[in-house]
Amino acid sequence: MLAGLAAVLLFVTSCSKDDDKVPIKEGIQRSELILTEVSGESVEAHGDHFHGLDDGVEGESLIIKFDENGKATSGGHLHLEADAVYKIALKAWDHAGKEVQNDFIASKSVADSYKAFLVGGNFTLNTATDDESGSIFQPRETKYADGTDVSGALETTGVLSYFTVGHSNEGPTKEVRYVIRKLNVGEKGKITRSDWQTETKFAGQNVLELTFEIHAEEGHHH
């Protein structure tokens, strides 16, 4: 019994020495964007958003891995089908190895400070075409991490989003950045579904920037 007690005491004293440790670096150590093709009869582009996503079937996934500077370490040159719809999920880890992407959407009050953008690439937006051939980036969480419902397009953040390149954007490789911007109070409610290319219109600072390349090609299913 005594031996057991001594072991416990030893354990307690060794725990209290944590003060000597170097503090863990803040911020995100590495991250991933996971693109999963979503298809189905009902899945289609419609102006600045998609229809039928909830009835879509998920296909294979592409994973881009990024280092702490947001530089792609693998998978950073994507070959995407121009007319395909992709779910884009962010995963991020802090320097202690903990998954932290949901910290951006912990609750409505937290998420009110964050929005994802996809910038660069000079995309023709779908809303600027008359034949649904442009690009859409639609942030689309339905719940905050605390389980409460996300109410409407202006409240979404974009830790989970849906994207299509569109035929109008086929051609040369585009260099793009997936950005999470920490916004000043009151800014998030001004961001419409057509603003995903212009994060600098909204006062704040980028807290995550992931750089990669997209090369859109004619679909190979058809």
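Calculation notes
- Residues numbered from 1 in each chain as written.
- Predicted model: local features only at pLDDT ≥ 70, side-chain atom pairs only at ≥ 80, totals over all residues.
- Heavy atoms only, no water.
- Phe/Tyr/Trp six-rings, centres within 6.5 Å; stacked < 30°, edge-to-face > 60°.
- Helix = DSSP H or I, 4+ residues; strand = E, 2+ residues; numbered from the N terminus.
- Buried < 20%, exposed > 50% of the residue type's maximum accessible area, 1.4 Å probe, protein only.
- Lys, Arg positive; Asp, Glu negative; His and termini not counted.
- Salt bridge = Lys/Arg side-chain N within 4 Å of Asp/Glu carboxyl O.
- Contact = heavy atoms within 4.5 Å.
- Pairing = 2+ DSSP bridges.
- Axes fitted to C-alpha atoms, helices over the stretch in contact; angles between N-to-C directions.

## With respect to the packing of aromatic side chains
Step number 1: Throughout the structure, instances matching the rule amount to 7 aromatic pairs.
Step number 2: Taking the centre distance of 6.2 Å and the plane angle of 65° together, the rings of phenylalanine 66 and phenylalanine 212 count as edge-to-face. In this pair, phenylalanine 66 is assigned in strand E4 (residues 57-66) and phenylalanine 212 in strand E12 (residues 204-217), connecting sequence segments 146 residues apart. For the residue pair phenylalanine 66 and phenylalanine 212, the accessibility class agrees, reading buried in each case.
Step number 3: Look at phenylalanine 117 and phenylalanine 202: their rings are 6.2 Å apart centre to centre, the planes differ by 25°, and that puts the pair in the stacked class.

## Some thoughts on the side chain of lysine 188
Step number 1: Take lysine 188: it is sitting in the loop between strand E11 (174-183) and E12.
Step number 2: The buried charged residue lysine 188 lacks any salt bridge, with aspartate 112 as its nearest oppositely charged partner at 5.1 Å.
Step number 3: Excluding residues that lie within four positions of it along the chain, lysine 188 makes contacts with Ala111, Asp112, Tyr114, Lys115, Leu154, Glu155, Thr156, Thr157 and Leu183.

## Some thoughts on the sheet that holds E4
Step number 1: Reading across from one edge, E5-E4-E1-E7-E10-E9 is the order of the 6 strands in this open sheet, with antiparallel pairing throughout. Either end of the sheet is taken by a strand with one partner, and the two such strands are strand E5 (72-74) and strand E9 (136-139). Within this sheet the neighbouring strands show an average axis-to-axis angle of 30°, counted without direction.
Step number 2: Both E4 and E5 contribute to a ladder of 2 bridges, which runs antiparallel.

## Focus on the environment of glutamate 213
Step number 1: When you line up the elements, glutamate 213 lands in strand E12.
Step number 2: The spatial distance from the C-alpha of glutamate 213 to the C-alpha of glycine 120 is 10.0 Å, given a sequence separation of 93 residues.
Step number 3: Not counting residues within four places of it along the chain, the set of residues in contact with glutamate 213 comprises Gly76, His77, Leu78, Thr173, Lys174 and Glu175.

## Examining unusual backbone geometry
Step number 1: Even without being glycine, asparagine 122 reaches a positive phi, approximately 50°.
Step number 2: Looking at where asparagine 122 falls in the secondary structure, it is placed in the loop between strand E8 (114-120) and E9.
Step number 3: Using a relative accessible area of 69% as the deciding quantity, one classes asparagine 122 as exposed.
Step number 4: In the Ramachandran plot, glutamate 132 falls in the positive-phi region, its phi being about 55° despite a non-glycine side chain.
Step number 5: Mapped onto the secondary structure, glutamate 132 falls in the loop between E8 and E9.

## Observations concerning the pattern of salt bridges
Step number 1: In this structure the tally under the stated criterion is 9 salt bridges.
Step number 2: Of the charged contacts in the structure, one is a salt bridge between glutamate 32 and lysine 65, with a shortest N-O distance of 3.9 Å. Pair noted here: glutamate 32 is in strand E1 (residues 28-39) and lysine 65 is in strand E4, with a separation of 33 residues, a long-range link.
Step number 3: In this structure, aspartate 112 and lysine 108 form a salt bridge, with 2.9 Å as the shortest nitrogen-oxygen distance.
Step number 4: One network of salt bridges, with partners in common, ties together Arg177, Glu199 and Glu209.

## Topic: the sheet that holds E8
Step number 1: One open sheet holds the 4 strands; their spatial order is E6-E12-E11-E8, and the pairing between them is mixed. Only two strands of the sheet have a single neighbouring strand rather than two, namely strand E6 (77-81) and E8. Shown here is a sheet whose adjacent strand axes are inclined to one another by a mean of 35°, direction ignored.
Step number 2: Sheet analysis places E6 next to E12, joined by 5 bridges and oriented parallel. Bridge pairing in E12 places histidine 79 opposite histidine 215.

Structural measurements only, silent on function.
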